[in-house]
Amino acid sequence: MRIAPFWSPQFQLSERLSAVLLLSYLVLSSYPARALPKMTGKEVMERHEKARLFEDIFANASLRTVSSEGRTRVKEFRFWRKKSETSSRYQTLTRFDKPAEVAKEGVLILEREDGQNDVLLYLPNFKKIRRVETQSQNGSFMGSDLSYTDLSTQRVDDFDYESKPEEKKCGNSDCYLVKLTPAREEVKVRVGASFIECLVSGETFMVLENSYFDDSRKLIKKILSQAFVSLSNRTFFPSDLRVENKVTGSVTELKFTSVRGNSGVKSQIFTQQNLANP
Amino acid sequence: MKESRVSRRSIPLFLVVSLAIVDGSYGQGQSSDESGSLLKRLGLSGRAYLNTSHRVKEPDVGTPLQTVGSIWVKTDGEFSDRWKWHGVFNWDHFARESGATTYRYKERRTIREAYLDYQSVSGFQIQSGKKIIPWGNADGVNPTDFLTAKDFTLFNQDDEVRRQGAELVRVAFTPMSGDSPLLFEMIAQARAPRSRLLTPQSVLSPSGNISVQNEADESAAWFGNQSELAFKTSYLASSFDLSVSAFRGRTHLPVLFLENVTTIRARYPKLWALGMEGSFTRDAWVFRLEQAYLHPESFQGYREVIQPPHWDAVIGAERRIYSDFRVQVQMLSRRHFRNPTPALAQGSNPIETALLRQIGSANELLLNYRDPWLLGGSFRLSHEVEGSSWTKSATLLGYHRGVGYLFRPNLTYKGVENLKIGAALDLYGGPKDGSLGVLRSFSQASLQLDYDF
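Scoring rules and cut-offs
Residues numbered from 1 in each chain as written. Chains lettered and ligands numbered in written order. Predicted model: local features only at pLDDT ≥ 70, side-chain atom pairs only at ≥ 80, totals over all residues. Helix = DSSP H or I, 4+ residues; strand = E, 2+ residues; numbered from the N terminus. Buried ≥ 20, exposed ≤ 12 C-beta atoms within 10 Å, placed from the backbone. Contact = placed C-beta atoms within 7 Å. Nonpolar A, V, L, I, M, F, W, Y, C, P; charged D, E, K, R; others polar. Expected span 1.5 Å × (residues − 1). Pairing = 2+ DSSP bridges. Arc of directions from axis to C-beta. Core = buried A, V, L, I, M, F, W, Y, C linked by C-beta atoms within 7 Å. pLDDT = per-residue confidence, 0-100.

**A short note on the overall build of chain A**
Stage number 1. Summing up its helical and strand segments, chain A has 5 helices and 14 strands in all.
Stage number 2. Residue burial in chain A is summarised as follows: out of 278 residues, 33% are buried.
Stage number 3. In chain A, once contacts between residues fewer than 6 apart in sequence are set aside, the share between residues at least 24 apart is 52%.

**Brief notes about the interface of chain B and chain A**
Stage number 1. Tallying the contact residues gives 28 residues for chain B and 26 residues for chain A.
Stage number 2. Per-class residue counts for the side of chain B that touches chain A are 8 nonpolar, 11 polar and 9 charged.

**Overview of helix 5 (residues 350–366) of chain B**
Residues and elements named next belong to chain B.
Stage number 1. Between its first and last C-alpha, helix 5 extends 24 Å over 17 residues, near the 24 Å set by a 1.5 Å rise per residue.
Stage number 2. Among the residues of helix 5, those classed as buried are L355, L356, Q358, I359, G360, A362, N363 and L366.
Stage number 3. With its phi angle positive at about 60°, N368 sits one or two positions after the end of helix 5.

**Details of the pairing of strand 3 (residues 83–97) of chain B**
Residues and elements named next belong to chain B.
Stage number 1. Pairing geometry for strand 2 (residues 64–78) and strand 3, over 13 bridges, is antiparallel. Residue pairing across strands places Q66 opposite R96, the latter belonging to strand 3.
Stage number 2. Linkage of strand 2 to strand 3, two consecutive antiparallel strands, is achieved through a turn of 4 residues.
Stage number 3. As paired strands, strand 3 and strand 4 (residues 103–119) are joined by 15 bridges and run antiparallel to one another. Directly across from D92, in strand 4, lies its bridge partner R108.

**Overview of unusual backbone geometry**
Stage number 1. Cis peptide bonds are those with omega within 30 degrees of zero, and the linkage from K98(A) to P99(A) qualifies with -5°.
Stage number 2. Of note in the backbone geometry, S177(B) takes a positive phi value of approximately 55° without being a glycine.
Stage number 3. C-beta crowding within 10 Å serves as the criterion here: with 14 such atoms nearby, S177(B) is assigned to the partly exposed category.
Stage number 4. One non-glycine residue with positive phi stands out, namely R401(B), at about 55°.
Stage number 5. Looking at where R401(B) falls in the secondary structure, it is placed in the loop between strand 20 (390–399) and strand 21 (404–416).

**A closer look at helix 2 (residues 41–51) of chain A**
Residue and element names in this part refer to chain A.
Stage number 1. For helix 2, the set of buried residues is G41, V44, M45, H48 and A51. All buried residues of helix 2 project into a common sector of 110° when viewed along the axis, lining one side.
Stage number 2. In the core, the buried residues of helix 2 are packed alongside strand 7 (159–161), strand 9 (173–182), strand 10 (195–201), strand 11 (207–213) and strand 13 (235–245).

**Some words on the nonpolar core**
Considering soluble globular proteins, one finds that nonpolar side chains tend to be buried as a cluster.
Stage number 1. Within the largest apolar cluster, 31 residues are counted, with the highest numbers of intra-cluster contacts made by L108(A), I109(A), V119(A) and Y148(A).
Stage number 2. If you list the elements that add at least two residues to this core, you get strand 1 (56–66), strand 3 (90–98), strand 4 (106–111), strand 5 (117–123), helix 3 (148–151) and strand 13 of chain A together with strand 1 (44–55) and strand 2 of chain B.
Stage number 3. Ranked by residue count, the leading element in this core is strand 4 of chain A, at 4 residues.
Stage number 4. Leave out the neighbours within four places in its chain, and L108(A) touches L93(A), L120(A), F270(A) and L275(A).
Stage number 5. Counting 29 residues, the second largest nonpolar core, distinct from the first, contains F146(B), A266(B), L271(B) and A362(B).

**With respect to the environment of K50(A)**
Residues and elements named next belong to chain A.
Stage number 1. Examined against the element boundaries, K50 turns out to sit in helix 2.
Stage number 2. A residue is classified by how many C-beta atoms lie within 10 Å of it, and K50, with 12 of them, is exposed.
Stage number 3. Between the C-alpha atom of K50 and that of M206, which follows or precedes it by 156 residues, the distance is 9.4 Å.

**Focus: the environment of D371(B)**
Residues and elements named next belong to chain B.
Stage number 1. The residue D371 is located in the loop between helix 5 and strand 19 (373–384) in this model.
Stage number 2. The partly exposed category is assigned to D371, around which 18 C-beta atoms lie within 10 Å.
Stage number 3. For the pair D371 and Y322, spaced 49 residues apart in the sequence, the C-alpha separation amounts to 39 Å.

**Some remarks on the environment of D426(B)**
Residues and elements named next belong to chain B.
Stage number 1. Along the chain, the position of D426 falls in strand 22 (residues 419–429).
Stage number 2. When the C-alpha atoms of D426 and V56 are compared, they prove to be 9.0 Å apart, with 370 residues separating the residues in sequence.
Stage number 3. Ignoring anything within four residues of it in the chain, the contact list for D426 reads L406, R408, S443 and Q444.

**Let's talk about the confidence of the model for chain B**
Stage number 1. Looking at chain B as a whole, its pLDDT mean stands at 85, while 86% of the residues score no less than 70.
Stage number 2. Overall fold confidence for the complex sits at a pTM of 0.84, while the interface term, ipTM, reaches 0.83.

This is the structure we're talking about:
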């Protein structure tokens with residue numbers, strides 16, 4: 001059967017229009033993606049830092065870990081985070097409610113100006129606070145595949161960047177693939193990786209995927225941000241994270257619900273006195 | 001025969017714990033029904049455990065020392081943003097060895113904690129009721145733990161179960177409306193809590209002709225000379241913490257006194273103390289320091305029989321090694337500022353003098369001050385693989401100069417949510433006349449089931 005060209009009178013107007021649109025799409029899609037603004041890796045991460053900049057946040061959270069053998073453990077906690085009044089450093093408190101064996105346990109993460117984090121753990125059975133040393137901050141956060149460091153915010157100055165990040169398609173949008181290399185040994189210890197490949201949305205500048213590699217360039221962990229909550233104009237908070245531990249084969253999902261941003265969380269929440277007073 | 005008696009008596013304990021476990025599991029799955037919401041409103045939770053401990057030293061290997069089943073019901077809640085309550089109520093069943101061939105069965109219902117908590121906008125916090133306030137950041141040995149007592153006769157793999165609080169009022173103030181790293185605390189205890197020591201009968205009365213009243217007297221008066229007062233100022237910075245404390249009250253460890261020529265009784269002399277503690281992290285290490293000067297008050301005729309003023313200190317360091325091990329090392333020091341000389345004790349007659357000297361020696365042994373300056377240490381190694389259900393640890397505590405040692409390996413399995421099964425050994429060793437060596441008859445193997453609900 002012979003198909004008539006679309007300009008022939010046999011075609012109705014609407015059909016012609018559809019054909020033009022289809023052709024346009026095919027022509028345009030065969031060209032490279034719309035070029036993202038040229039930025040250095042550091043500039044991309046600075047935009048990211050702005051995109052996740054909020055005053056404070058409160059949320060309920062659920063931490064679901066499935067081991068490689070298929071055993072599932074779910075923990076529920078409340079989550080507070082507040083920006084320091086003088087810098088873009090954050091203070092974070094998590095207070096566990098379930099299961100009963102960890103109820104009232106609390107983790108306080110204080111990001112310091114010098115780039116170090118202080119992590120304090122409250123153990124209700126002992127009624128005591130224990131410090132978590134830097135070396136252990138890349139260890140498991142409450143038995144999950146997240147580390148204490150993953151719960152803190154990563155700072156631009158803690159890493160070195162490639163001058164020209166790779167541009168990639170991620171779903172329907174364009175992304176930057178930025179390689180972050182710890183700028184100092186203590187950052188490397190805290191992060192627990194030799195370098196991180198960070199997939200940043202060119203639209204929202206939120207991190208969509210973090211891939212952690214060890215010294216032998218082997219992928220050890222991947223964190224995927226699957227959903228975001230908009231806190232204000234162009235400020236977002238990742239509300240659904242999936243962590244894939246490539247070494248043990250286990251997977252953790254962290255979901256935040258009832259997220260309230262910039263609601264005036266008090267700074268007294270982030271003191272040791274409050275940590276020890278569940 | 002005695003074993004079968006213990007086993008029979010132990011059945012209700014197992015049933016009680018099993019019921020708590022079943023009930024707890026049911027409650028977990030019923031979050032949306034009426035009982036679930038009631039539990040939520042009352043903030044009810046709890047813990048049930050069962051511990052059975054058996055001798056491991058000759059000649060009575062395998063004989064039961066103690067079996068304990070216990071249920072703790074906890075309640076936590078808020079009346080408003082400023083007012084909270086907290087309570088923990090215990091129901092314990094004991095089957096405990098009371099002699100070479102006899103056992104005692106006991107049921108005990110106690111209020112472990114029950115207090116109200118008020119927090120003001122201006123940074124004040126007031127807590128009133130029965131509460132456990134464990135001071136000290138070292139592990140296991142806490143010179144600044146002025147406010148609590150421990151029942152060492154209760155065998156449990158978790159040392160904190162032994163801890164006892166007191167009826168108190170705590171007033172705390174944090175400047176800058178609660179935002180300052182400074183914390184000021186004042187605690188007034190209505191009645192000094194009293195520890196119970198693990199005491200071999202032979203130490204108290206080698207000849208067996210003296211009646212020993214070693215049980216802590218629960219009917220001690222409130223207020224007056226039984227009350228205690230403590231102050232603490234802390235600087236809780238993010239990178240380090242440091243605090244100084246002062247205490248005036250009573251010793252919480254019993255000191256043996258001669259009531260009459262046929263009776264020895266445990267008493268708790270007055271005490272004042274000054275303490276200091278701090279901790280900080282540096283790279284891979286966490287460092288802790290804790291020390292206290294303790295001055296038990298002597299009185300007429302008993303100077304040689306009670307513990308002299310002393311300075312206790314602990315310096316500790318802890319870190320992770322490789323990926324799954326944690327190691328902790330602590331150095332312990334006990335410096336007495338007067339040579340203990342029970343041999344110089346003088347009674348009103350030769351018999352009383354002999355008894356006083358005997359009691360003085362027993363106090364030296366039980367409270368570990370035979371040498372004016374003792375140095376010791378503790379070493380703890382634990383192993384836990386991320387995602388694994390097993391935790392292994394081993395602790396060794398010891399002093400030089402013939403005091404002896406305690407070695408405590410422990411294996412814990414956490415395969416089911418909220419349920420923990422632990423197997424442990426407590427092995428006392430060293431010279432038989434050393435403070436730890438003398439406890440060798442209490443060397444034990446224990447099995448413990450712990451369930452949180």
